[in-house]
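# Coordinates in review
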Amino acid sequence: MIMAKESCLEINHYPYRIIEMGTGCPFVWLHGMFHSPAVEDIFSVLDFGRLSSFFRIIRVELPSHGISPVSENEERMAWPNLAEDIKQLMSQIHGGEYIIGGFSQGAGIAAHTSIRDTMVRGMVLTMLPKVWQLRDSQRKTYRKLIRTLDSPSNFEMLNRLFRMIKYPPDYLGWSEEMSENIIRLMLLPQQHAFPLILKGAILSDFPEEAEILGTGIPIVLAGWEDDMNHPAIIYSEIESKLNPVYSLLLRQKSDVDKLSSAIIEYFCK
């Protein structure tokens, strides 16, 4: 078994928590909103263990998530600004070409990194949230949630909210025990971290189609079904506009292996 090592690197006055494993071409991975590497250790759409036999996996815990310190600056939490941090982080860690990818908001940050850093030579976008034309409706939802979080019972409200959404979906292996462990980890940050994360998301959107196509880098794309937060319609729109070298709509547990195999096939050269 390939062992993971943890380190901390300060970028723009923030201590980024980094978990690394494997050797080879660096592959930076960014988790989703309210998630963390610990959540992904319970379930991920990628097989990090397998991928670490081919890549140097660099998993970054984003500010205000997991056990990382809360960033009091909501603008820092916007995807373009986080992308600037990731660019600087990789310049210090590696200084050469790398692959980048992410889940949900992590995919959005990865896309912004790709248009800012010429060292990105491939990208993996998975389970994108509502972007482009649907982004305004998502912002309204986030604003309502922020107002709700101002109430004294906000922690219990978050608990109920997280329980409403089965993560992962049934067809990818959901279980009651898995859900309980994931929710516990998602609720770890201090309560005032959650509005800051949401405010950062309100300031964010996916880069314009032309900006992504202008990078000329190959894209591996994945989505899944029956999730209002990561609708399949977004997957279809991205697929039609960005011409990925590989795309997959996950419908069963074995599709996680298919996605990891595609990443190895297209980027391990």
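Coordinates for the structure precede this section.
The next thing to look at is the pairing of strand S5 (residues 98–103). On any regular strand, side chains alternate: one points to one face of the sheet, the next to the other face. The element S5 is extensively covered by neighbouring structure, given that six of its six residues are classed as buried. What you see with S5 is no split at all: Tyr 98, Ile 100 and Gly 102 on one side and Ile 99, Gly 101 and Phe 103 on the other are buried throughout. In this sheet, S5 lies alongside strand S3 (residues 25–30) in parallel orientation, the contact comprising four bridges. From the neighbouring strand, Phe 27 faces S5, where its bridge partner is Ile 99.

Right, let's get into unusual backbone geometry. With omega at -5°, the peptide bond leading from Tyr 167 into Pro 168 counts as cis. Summarising the element assignment, Pro 168 is placed in the loop between helix H6 (154–164) and helix H7 (176–186). Notably, His 13 is not glycine yet its phi reads approximately 70°, a positive angle. Inspection of the secondary structure puts His 13 in the loop between strand S1 (5–11) and strand S2 (14–21).

What the eight strands build is an open sheet, ordered S1-S2-S4-S3-S5-S6-S7-S8; its pairing is mixed. The outermost strands of the open sheet, each flanked by one partner alone, are S1 and strand S8 (246–250). Each strand of the sheet is rotated relative to its neighbour by a mean of 20°, with strand direction disregarded. Note that S5 and strand S6 (residues 120–126) share six bridges and pair parallel. Within S6, the residue paired with Ile 99 across the bridge is Gly 122. The strands touched by helix H3 (residues 79–93) are S1, S2, S3, strand S4 (55–61) and S5; relative to S1, the strand with the most contacts, the crossing angle is about 115°. Most of the contacts of helix H11 (residues 254–267) go to S8, to which it runs at about 170°, and overall it touches S3, S4, S5, S6, strand S7 (219–224) and S8.

Between the first and last C-alpha of helix H5 (residues 135–149) there are 21 Å, a value that for 15 residues agrees with the 21 Å anticipated at 1.5 Å per step. Looking at H5, one finds that the buried residues are Arg 135, Gln 138, Arg 139, Tyr 142, Leu 145, Ile 146 and Leu 149. Down the axis of H5, the buried side of the element spans an arc of 120°, and every buried residue falls inside it. Opposite the buried face of H5, by more than 90 degrees, sit the exposed residues Lys 140, Lys 144 and Arg 147. Buried residues along H5 sit in contact with H3, H6 and helix H8 (193–202).

The rules behind these values
Residues numbered from 1 in each chain as written. Predicted model: local features only at pLDDT ≥ 70, side-chain atom pairs only at ≥ 80, totals over all residues. Heavy atoms only, no water. Buried < 20%, exposed > 50% of the residue type's maximum accessible area, 1.4 Å probe, protein only. Helix = DSSP H or I, 4+ residues; strand = E, 2+ residues; numbered from the N terminus. Pairing = 2+ DSSP bridges. Axes fitted to C-alpha atoms, helices over the stretch in contact; angles between N-to-C directions. Contact = heavy atoms within 4.5 Å. Expected span 1.5 Å × (residues − 1). Arc of directions from axis to C-beta.

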